[in-house]
Amino acid sequence: MAEKWQPQCGVELEPNQFYCSVCLDLLKDPVTIQCGHTYCRSCIEGCWDQEKEKGTYSCPQCREAFSPRPVLGRNNMLAEVVEKLKRTVTQQARPASSLAPAGPTDIACDFCCGTKRNKASMSCLTCLASYCPAHLEPHHSFPVLKLHQLVSATVPLKEKMCTKHNKLMEVYCKTDQRCICYLCTLDDHRRHSTVSAAAERADKQVKLGEIQSAVKRRFQERQEELNELVQAVKDFEICCQTAVKSSDELFDELISSIQNKRALIKELIETRQKTAIAEAEDLQMQLKEEIATLGRRDDDLEQLSHTVDHIHFIQIFQSLSISCESPDLPTGAVVRPKRSMEAVTDYVSDLTYDMKNLLETTWPEISATVSVTDVVLPPVPKTRGELLRYHCPLTLDPNSVNNCFVISQESKRVTSDSKEKYYLSHLDRFGGVKQVLCREGLTGRCYWEVSWSGGAWSLAASYKNISRKLSESEFGKNDKSWCLECSADGYTFRHNSVTKAVSGPRTSQIGVYLDYRSGTLSFYSISDTMTLLHKVCTVFTQPLYPGLGLKEGSSGCYAEVKKL
């Protein structure tokens, strides 16, 4: 602010009183209009030039309208005072720290002259104009302007104006769900349900609070889910690294064991080779010595046969007739053993085959286990509608159906019959228990529903290789099947011959949901609502086949896989 000017008469004057509210500078060629406000001649003419098309001209401060355009007259007395003020006071620049030029996306001040206008900070809904901080000053100084409604200049005022009546939209039409002006309520929206914009804002403010609460709650939930996911990824990475390390150690141990056995068998063969060859060489030496002895004996006998002296013949014959063969040497030709080192090669070949076969047999389970291991699983379905997304059509397998069952043409229903039916012999057929499996082996996420009538039925999920022997094939009485036994008296869950009573609404329709990867199998009772009866948490190692079994019941009892 400029210093106060004190004339010799002792009257204090505020330099601000001699500033133009349009250009925010000392008045130049001041003119006073009919309402009493004074402006620079060029400033007020510039403002009115912009209102020429409207045909009415208003005061930038009090908004009083004039028509026709007033003729401007110079205020000579005020001009003289301003000139004296200029000569006696060193004009100081007004603070402009809060002023900034308007950018392409900013709302410009309606009262800044020239091509470079300042950015508006507030809009007046009474004046229907936007102001920069400097031009907004009168709204904070003049009592009549203090009553105007100011809002932040974030949206151009034209977007708040009715395009038809060029009035501020202060009414909300509930029928058309849009903002209108008060003149619109007299014509196009005359019979519509309308309220003030303030009342609609108050109503929506309550809903906004509810939405904000829901968003904050959801934000917190999502943030927790994100944290859990980040931790799950870290745990999964550690788990994978541990699995790789453990696999390497186990394979290294296996390879080391094989290499040790390889070295051991090589050592055994070489040791046996040395021992056997040493024994053979010893025998060879003895044979050579005996051959030499026999050769000499043959020569002696040959000479004896040609001697003429009878006395000498008789004397020598007695010594030569004694055997010269070694009693320790085997008689007859050398017999080679029937089993040689080729048998060792055969054993090693069989071992190699068995190990390869074991690897080939085990590998699919290892590969399947790796492929179904995830960092996270999709959300668990909570309603029947969500479960139905995972519905899988099922058909009963005629090759497994018991002879006391009649299977429907669509292979959806089995009915108990008093007379046994003739079915071709098959390895998959249940002979001693009234049971049947479905054709489909399930992995992943699957949902199916079963309804029954009469008797007590077991709804099962079983491995394909469940035993077909009478004592081991019944659903739930082995480690290869899980079943829920249903009757009019209630429910019982059974697995590996362990039973558990299950409570819940008694209905004749049961839903079964399998999440193979997470190792869960859930049973639901279905009526007007769905109720979880029992949930299995385990690790499945083979595809699961749905099954039906009649525990108790007479002819005519049936169970059916629903076609959803």
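From a predicted model like this one, the values you see are computed outputs, not experimental measurements.

Quick word on the sheet that holds strand β5 (residues 122-124)
Spatially, β6-β5-β7 is the arrangement adopted by the three strands of the open sheet, whose pairing is antiparallel. A single partner strand is all that each edge strand has here, and the edge strands are β6 (129-131) and β7 (150-152). Averaged over neighbouring strand pairs, the angle between their axes works out to 35° when direction is ignored. Taken together, the three bridges between β5 and β7 define a ladder with antiparallel strand orientation. Looking at β7, one finds that M122 is bridged to S152.

So, the nonpolar core
If you look at the biggest cluster of nonpolar residues, it comprises 39 residues, and the most contacted ones within it are V414, W448, W457, L484, I510, L521 and L548. The element contributing the most residues to this core is strand β14 (residues 445-453), with four residues. Among residues more than four places away in sequence, those in contact with I510 are W448, E449, V450, W452, L459, L484, C486, Y491, Y524, S525, I526 and L533.

Overview of the packing of helix α5 (residues 197-305) against helix α6 (residues 310-320)
The relative placement of two packed helices comes down to the angle between their axes together with the axis-to-axis distance. Running from N to C, α5 and α6 cross one another at 160°; their axes reach a closest spacing of 10 Å. Between α5 and α6, the interaxial angle falls into the category roughly antiparallel. Taken as a pair, α5 and α6 cross one another with a handedness that is left-handed. Together, R297, D300, L301 and L304 of α5 and H312, F313, I316, F317, S319 and L320 of α6 make up the contact between the two elements.

A few points about unusual backbone geometry
The omega torsion across S67 and P68 is 0°, close enough to zero to call that bond cis. Tracing the backbone shows P68 in the loop between β4 (65-66) and α2 (76-88). At R63, a residue that is not glycine, the phi angle is positive and equals roughly 65°. Residue placement: R63 occurs in the loop between β3 (57-58) and β4. Positive phi values are uncommon outside glycine, yet N496 reaches one of about 55°. By the element assignment, N496 lies in the loop between β17 (490-495) and β18 (498-502).

Some points on the UniProt feature "domain: RING-type" (unreviewed entry) in the protein
In the numbering used here, UniProt assigns the "domain: RING-type" (unreviewed entry) feature to residues 20-63. Annotated as residues 20-63, this span is 23% helix and 18% strand, and its ends, taken at the C-alpha atoms, are 16 Å apart.

Observations regarding the UniProt feature "domain: B box-type" (unreviewed entry) in the protein
As annotated in UniProt, the feature "domain: B box-type" (unreviewed entry) corresponds to residues 157-197 in the numbering used here. From the first C-alpha to the last, residues 157-197 spans 16 Å; its make-up is 2% helix and 22% strand.

Quick word on the pairing of strand β22 (residues 545-552)
Side chains on a regular strand alternate between the two faces of the sheet. For β22, the tally of buried residues reaches six of eight residues, placing the bulk of the element in the interior. Sheet topology note: the strand β13 (residues 435-437)/β22 ladder contains three bridges and is antiparallel. Looking across to β22, one finds that L437 is bridged to G547. Note: strand β15 (residues 456-462) against β22, seven bridges, orientation antiparallel. Residue pairing in the sheet places A461 in a bridge with P546 of β22.

Side note on the sheet that holds strand β23 (residues 558-561)
The seven strands lie next to each other as β11-β12-β23-β14-β19-β20-β21, forming an open sheet whose pairing is antiparallel. Looking at which strands have only one partner, the edges of the open sheet turn out to be β11 (405-407) and β21 (530-537). Ignoring strand direction, the axes of neighbouring strands in this sheet form an average angle of 20°.

So, the pattern of salt bridges
If you walk through the whole model with that rule in mind, you get 21 salt bridges. Between D29 and R41 there is a salt bridge whose closest N-O contact spans 2.9 Å. Taken as a pair, D29 in the segment before β1 (30-32) and R41 in helix α1 (residues 41-50) lie far apart in primary sequence, twelve residues in all. Between E225 and R222 there is a salt bridge, with its nearest N and O atoms 2.6 Å apart. In this pair, E225 and R222 both sit in helix α5, three residues apart, roughly one turn of the helix. Look at E225 and you get partly exposed, because its relative accessible area is 35%. Taking relative accessible area as the criterion, R222 reaches 47% and is therefore assigned partly exposed. Here the salt bridges do not stand alone but share partners, grouping E474, K477, E485, R494 and K551 into one network.

Observations concerning a nonpolar patch on the surface
Where nonpolar side chains cluster on the molecular surface, the patch consists of F251, L254, I255, I258, L351, M355 and L359 and spans about 600 Å² of accessible area. Secondary-structure elements contributing two or more residues to the nonpolar patch are α5 and α7 (342-371). Structurally, the position occupied by I258 is in helix α5.

Thresholds, definitions, all that
- Residues numbered from 1 in each chain as written.
- Predicted model: local features only at pLDDT ≥ 70, side-chain atom pairs only at ≥ 80, totals over all residues.
- Heavy atoms only, no water.
- Pairing = 2+ DSSP bridges.
- Helix = DSSP H or I, 4+ residues; strand = E, 2+ residues; numbered from the N terminus.
- Axes fitted to C-alpha atoms, helices over the stretch in contact; angles between N-to-C directions.
- Core = buried A, V, L, I, M, F, W, Y, C linked by side-chain atoms within 4.5 Å.
- Buried < 20%, exposed > 50% of the residue type's maximum accessible area, 1.4 Å probe, protein only.
- Contact = heavy atoms within 4.5 Å.
- Parallel < 35°, antiparallel > 145°, perpendicular 65-115°, else oblique.
- Left-handed = near helix turned anticlockwise from the far one by under 90°.
- UniProt positions renumbered as here; feature names shortened; annotations may be inferred.
- Salt bridge = Lys/Arg side-chain N within 4 Å of Asp/Glu carboxyl O.
- Patch = residues over 30% accessible without salt bridge, like charges linked within 9 Å, V, L, I, M, F, W, Y side chains within 5 Å.
- Areas by Shrake-Rupley, 256 points an atom, 1.4 Å probe, with all protein chains shown as cover.

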